[in-house]
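The residues making up each chain are set out below.
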Amino acid sequence: MGNTSQQVAIVTGGGSGIGLAIAEKFTKNGIDTVIVGRDEEKLKTAKSQLGDCCHLMICDISNLGSIPALIKKVIAQFGKIDILVNNAGINMKKDFIEVTDEEFQRVITTNLCSVFAMSREVVKEMLKKGNGSIINISSMAAQYGLPRVIAYSASKTAIDGMTRAMAVELSPKGIRINAIAPGFIETDMTAKALNSDPERKQKVFARTPMGYMGKPADIGEAALFLASDAAKYITGVVLPVDGGNSIGF
Ligand code: NAI
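Residues numbered from 1 in each chain as written. Predicted model: local features only at pLDDT ≥ 70, side-chain atom pairs only at ≥ 80, totals over all residues. Heavy atoms only, no water.

1. Some points on the overall build of the protein chain
Regarding its fold elements, the protein chain presents eight helices and seven strands. Taking 2.2 N^0.38 as the reference for a compact globule, 249 residues should give roughly 18 Å; the C-alpha atoms of the protein chain span a radius of gyration of 17 Å, in line with that estimate. Its C-alpha atoms put the protein chain at 50 × 40 × 35 Å along the principal axes. The 249 residues of the protein chain split such that 51% are buried. Taking the intrachain contacts of the protein chain between residues at least 6 apart in sequence as the baseline, contacts between residues at least 24 apart amount to 71%. Taken as a whole, the protein chain presents about 11,800 Å² of accessible surface, with 56% of it coming from carbon and sulfur. Across the protein chain, the 28 positively charged side chains and the 25 negatively charged ones have centroids separated by 3 Å. (Helix = DSSP H or I, 4+ residues; strand = E, 2+ residues; numbered from the N terminus. Rg over C-alpha atoms; globule rule 2.2 N^0.38 Å. Buried < 20%, exposed > 50% of the residue type's maximum accessible area, 1.4 Å probe, protein only. Contact = heavy atoms within 4.5 Å. Areas by Shrake-Rupley, 256 points an atom, 1.4 Å probe, with all protein chains shown as cover. Lys, Arg positive; Asp, Glu negative; His and termini not counted. Charge placed at Lys NZ, Arg CZ, Asp CG, Glu CD.)

2. So, the side chain of Thr27
Here Thr27 is to be found in helix H1 (residues 17–28). Given the relative accessible area of 8%, Thr27 is considered buried. At 3.1 Å, the side chain of Thr27 forms a polar contact with the backbone oxygen of Glu24. When residues no more than four places from it in sequence are discounted, the contact partners of Thr27 are Thr33, Leu50, Cys53 and Cys54. (Polar contact = N/O pair within 3.5 Å; in protein donor to acceptor, adjacent residues only side chain to side chain.)

3. Description of the site of the ligand
Around the ligand, the structure places 28 residues, and the nearest of them are Ser16, Asn87, Tyr152, Ile185 and Thr187. Ile61 places a main-chain nitrogen or oxygen 3.0 Å from a nitrogen atom of the ligand. At a separation of 2.7 Å, an oxygen atom of the ligand approaches a polar backbone atom of Asn87. Contact with the protein chains hides 94% of the accessible area of the ligand, taken as 830 Å² for the molecule alone. Mapped onto the shell around the ligand, the elements with two or more residues apiece are H1, helix H5 (150–170) and helix H6 (188–194). In terms of residue class, the shell around the ligand is made up of eleven nonpolar, 13 polar and four charged. (Near = heavy atom within 4 Å. Nonpolar A, V, L, I, M, F, W, Y, C, P; charged D, E, K, R; others polar.)

4. Section: the pattern of salt bridges
As enumerated under the stated definition, the model contains twelve salt bridges in all. Between Glu40 and Lys44 there is a salt bridge; the shortest N-O distance is 3.5 Å. Of this pair, Glu40 and Lys44 both sit in helix H2 (residues 40–50), separated by four residues, roughly a single helical turn. A salt bridge links Glu125 to Lys128, with the nearest nitrogen and oxygen atoms 3.1 Å apart. Placement of the pair is Glu125 and Lys128 together in helix H4 (residues 101–129), with a separation of three residues, close to one helical turn. (Salt bridge = Lys/Arg side-chain N within 4 Å of Asp/Glu carboxyl O.)

5. A few points about helix H8 (residues 216–227)
Counted at 1.5 Å a residue, the expected span for H8 with its twelve residues is 16 Å, and the 17 Å between its end C-alpha atoms agrees. Taken together, the buried positions of H8 are occupied by Pro216, Ile219, Gly220, Ala222, Ala223, Leu224, Leu226 and Ala227. At its buried positions, H8 is contacted by H1, strand E4 (83–86), strand E5 (132–137), strand E6 (175–182) and strand E7 (238–241). (Expected span 1.5 Å × (residues − 1).)

6. Observations regarding H4
In a regular helix each residue adds 1.5 Å, so 29 residues correspond to 42 Å; H4 covers 41 Å between its end C-alpha atoms and thus fits that length. Maximal helix bending in H4 amounts to about 45°, located at Thr109. Two residues or fewer after H4 comes Gly130, characterised by a positive phi angle close to 75°. (Bend = angle between axes of the 7 residues up to and from the residue.)

7. Brief notes about the packing of aromatic side chains
In total, this model carries zero aromatic pairs according to the counting rule given. Of note, Arg207 hangs over the ring of Tyr144, and the distance from its end group to the ring centre comes to 3.9 Å. (Phe/Tyr/Trp six-rings, centres within 6.5 Å; stacked < 30°, edge-to-face > 60°. Lys NZ or Arg CZ within 6 Å of the ring centre and 35° of its normal.)

8. Remarks on unusual backbone geometry
Here the phi dihedral of Arg148 falls at roughly 70°; this positive angle occurs in a residue that is not glycine. In this structure, Arg148 sits in the loop between E5 and H5. Of the residues examined, Arg148 reaches a relative accessible area of 36% and is grouped as partly exposed.

9. Side note on the pairing of strand E1 (residues 8–12)
For E1, a buried count of five out of five residues is recorded, marking the element as mostly surrounded by other parts of the structure. Covered by surrounding structure in E1 are Val8, Ile10 and Thr12 together with Ala9 and Val11, the residues of both alternating faces. Sheet analysis places E1 next to E4, joined by three bridges and oriented parallel. Bridging from a neighbouring strand, Ile10 pairs with Leu84 of E4. (Pairing = 2+ DSSP bridges.)

10. A look at the pairing of E6
Consecutive side chains along a regular strand alternate between the two faces of the sheet. Counting buried residues along E6, eight of its eight residues qualify, which places the element largely inside the surrounding structure. Examined bridge by bridge, E5 and E6 share six bridges and lie parallel to one another. Following the sheet pairing, Asn136 is matched in E6 by Ala179. Following the backbone out of E5, through H5 and into the adjacent parallel E6, one traces a crossover that is right-handed. Across four bridges, the pairing between E6 and E7 is parallel. Looking at E7, one finds that Ala179 is bridged to Val238. (Right-handed = clockwise from strand over helix to strand, strands pointing away.)

Structural data, given as structure tokens:
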């Protein structure tokens with residue numbers, strides 16, 4: 001069991017993109033960070049980059065039944081969980097009428113049901129010590145209507161509602177729940193969504209007052225702040241980190 005004074009965090013989807021940048025920020029600040037993902041090689045590469053404070057666990061979080069055992073494993077190894085970042089997510093861009101029930105459900109299971117199941121199991125542990133911080137990664141798709149991402153938009157809008165509902169129920173018990181709504185950030189996900197669609201890309205830039213896409217590290221900074229005592233009076237917020245995209249004309 002690790003040193004109990006050292007903070008312990010879980011970052012889902014911590015092997016790439018925004019999750020990797022959050023894990024990097026946490027480990028640089030001495031937080032023991034468990035990155036969770038499906039691809040062992042990707043996680044190993046991330047660990048070799050992040051060093052001793054980084055630990056990896058393999059889990060497909062869309063397999064909801066595997067989540068209680070995952071959290072038990074983290075507790076067995078580290079004794080507690082201080083921070084959970086629900087970051088793993090998938091996108092699917094398709095015309096509304098072409099989306100099958102199975103495709104819709106797949107996105108909802110990964111982006112929403114797993115966030116609920118992870119949070120529930122982690123909260124059980126946080127309640128035992130009376131504190132903790134959970135950060136859900138939302139999206140601009142919950143701030144305004146985006147065409148051709150129906151399941152993704154539904155999942156991220158639900159994340160915002162769940163963040164508020166969890167905050168009112170759990171904050172009196174010492175657990176803060178917040179969300180970050182990243183704008184358009186340079187990762188594999190946006191490369192897939194935008195590079196084949198120059199019109200969409202142009203629209204993103206046109207309504208982003210800062211005029212450029214964000215870096216994963218920008219989200220890392222916000223996550224570290226929300227997880228830390230500097231944010232000890234902040235709960236239930238959805239913080240846009242978006243270069244002004246959500247208020248752009
Ligand atoms: P990414 O595709 O680079 O990273 C997502 C990570 O989640 C990957 O490592 C992937 O393997 C993991 N993952 C996906 N399904 C999983 C599963 N079932 N079990 C375990 N791990 C799984 O994407 P990116 O851009 O870093 O996205 C991270 C989060 O940020 C997502 O929730 C996404 O919706 C959100 N986001 C990203 C934005 C962007 O501009 N890149 C904008 C708004 C939100």
